[in-house]
Amino acid sequence: MGNIVETKNTPIPYNIVRDKINELNLTNKVGKATIREIVRLINEIEKASGKKFVRMEMGVPGLDPVKIGIDAEIAALKRGVASKYPMIDGIPELKHEMARFIKNFINIDVDEQGCIPSVGSMQGGMAAFLITNRCFKQKDTVLFIDPGFPVQKQQLKVLGMNYETFDVYNYRGDKLREKLESYLKKGNISTILYSNPNNPSWICFTEKELQTIGELATKYEITVVEDLAYFAMDFRKDLSKPGEPPYQPSVANYTDNWLMLVSSSKIFSYAGQRIGCIVISNKLYKKRFPDLKRYFNSDEFGYAMLYGAIYALSSGVCHSTQFGLAAILKAVNDGEFNFVENIKEYGEKAKIMKKLFTNNGFKIVYDKDEDKPLADGFYFTISYPGLSGEELIEELLYYGISAISLAITGSEHVEGLRACVSQVLRNQFDDLEYRLKQFNEHHPIK
Ligand SMILES: Cc1ncc(COP(=O)(O)O)c(C=O)c1O
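Residues numbered from 1 in each chain as written. Predicted model: local features only at pLDDT ≥ 70, side-chain atom pairs only at ≥ 80, totals over all residues.

A. Local environment of the site of the ligand. Looking at the ligand, there are 13 residues lining it, with Gly120, Ser121, Met122, Ser263 and Ser265 nearest. Considering each element in turn, the shell around the ligand owes the most residues, 3 residues, to helix α6 (residues 120–132). Grouping the amino acids of the shell around the ligand by side-chain chemistry returns 4 nonpolar, 8 polar and 1 charged. (Near = placed C-beta within 6 Å. Helix = DSSP H or I, 4+ residues; strand = E, 2+ residues; numbered from the N terminus. Nonpolar A, V, L, I, M, F, W, Y, C, P; charged D, E, K, R; others polar.)

B. Main features of the domain arrangement of the chain. Each domain of the chain was delimited in the assignment, giving domain 1 (2–62 + 343–442) and domain 2 (67–333). Using C-alpha coordinates to define each centre, domain 1 is positioned 30 Å away from domain 2. Counting residues at the interface gives 25 residues for domain 1, matched by 28 residues for domain 2. Among the secondary structure elements, those contributing two or more residues to the side of domain 1 that touches domain 2 are α13 (339–358) and β12 (379–383). (Domains from an automatic or database assignment. Contact = placed C-beta atoms within 7 Å.)

C. Local environment of the nonpolar core. In this structure, Met98, Ala127, Ile131, Ile192, Ile278, Val279 and Met305 are the most contacted members of the largest nonpolar core, which totals 138 residues. A domain-level breakdown of this core finds at least three residues from each of domain 1 (2–62 + 343–442) and domain 2 (67–333). Filtering out sequence-adjacent residues up to four positions away, methionine 98 remains in contact with Cys115, Cys277, Val279 and Leu329. (Core = buried A, V, L, I, M, F, W, Y, C linked by C-beta atoms within 7 Å. Buried ≥ 20, exposed ≤ 12 C-beta atoms within 10 Å, placed from the backbone.)

D. Broad picture of the pairing of strand β4 (residues 162–167). Examined bridge by bridge, strand β3 (residues 141–146) and β4 share 6 bridges and lie parallel to one another. Residue pairing across strands places threonine 141 opposite asparagine 162, the latter belonging to β4. For the crossover from β3 across helix α7 (residues 150–159) to β4, the handedness is right-handed. (Pairing = 2+ DSSP bridges. Right-handed = clockwise from strand over helix to strand, strands pointing away.)

E. Examining the pairing of β3 more closely. The buried fraction of β3 amounts to 5 of the 6 residues, a majority that puts the element mostly inside the structure. Of the strand pairs in this sheet, β3 and strand β5 (residues 189–195) are connected by 4 bridges, and their pairing is parallel. In the sheet register, leucine 143 faces β5, and the bridge partner there is isoleucine 192.

Here it is, written out as structure tokens:
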């Protein structure tokens, strides 16, 4: 494939891209590189070529952090909180506002006790695995409804824990039940994890699908870890009004066995502060699992989470940052700050960018929620007829466009790539269109 572009005049000179791929030991494996490896490669190519890429490889927020949070953090620091260890279960203000947030935007009642700050959803996931995978001796495996966020699998590898996975693409709607049950009835699954909206495909589960997951979680005594990193970002519905329907869909409407991971990174552009919350259902928090005693002093789920997992991982979360998130949530809950309005820009950009790709021969890989067209949001997925995913990711580099391969996300659609809209500026759209046109001309579709 390299031969095609070698003879063409591409936006980024052939030799520069080739040399950098070789220098970084990515020869013949760009398609399998991790997100951070791709970031490094593009940085190097940009430096050497002096050309700016249309960067779509990493899910970094492209907006300013919410100021309410920054101001509250500064005020907390000035009050001297930096010298004090925060309580492991979090400051009362944050617990209070997170419980209100869950009520206001999901319409689910949860006690403040069950709202526990975590160092991003990343740590929330790790803490969840430490507990959910140990509630029953015989249930030691996490089931991912994929495609998904690759680092969560890495966490399990680091913990020496097992996981299984399937790509949900062919199992939407009514087909989901049988597929899930084929895993659950084996008796080794402790946890089901998915993100909704989904990273990388941006599929959103329907109520029917969430009901299926919930019912099966109850039937097989399994904990559902619902990763809400993109909370309320299905922009097809207005999920922005506190206390008013429609609400962010959740499995919590269909089972008591749920634990949510709420991240501040994307919804409040707060990724740098590394704060999120684990939210545990009232029933699950209090539930006792005698097998937990193998690892923790208590067999109560919530107690083990706090004084076993969170204590051991980081002994709580940065004190001032908790005040920052509490202040943001308060403004959101009080109806003073419409956080969804603030991030809608991602969906609007996605709509335009998807069109630029499809006008130039690309296909959208994950394109439906059952019978409904997919929402426009933070990510979308693309493929190009006649090219494998590995070829596509590398070929696009010569045109100054970067993405990551779906192959690393548990997707069976290995011909596809994930494109993230957040870092692409509107003033790059003309450039993107020009580059895609050129790509299309150089790669005629048969
Ligand atoms: C699905 C999913 N879960 C979790 C995270 C991590 O969130 P946090 O920054 O809160 O650790 C991300 C970030 O991209 C994500 O996409």
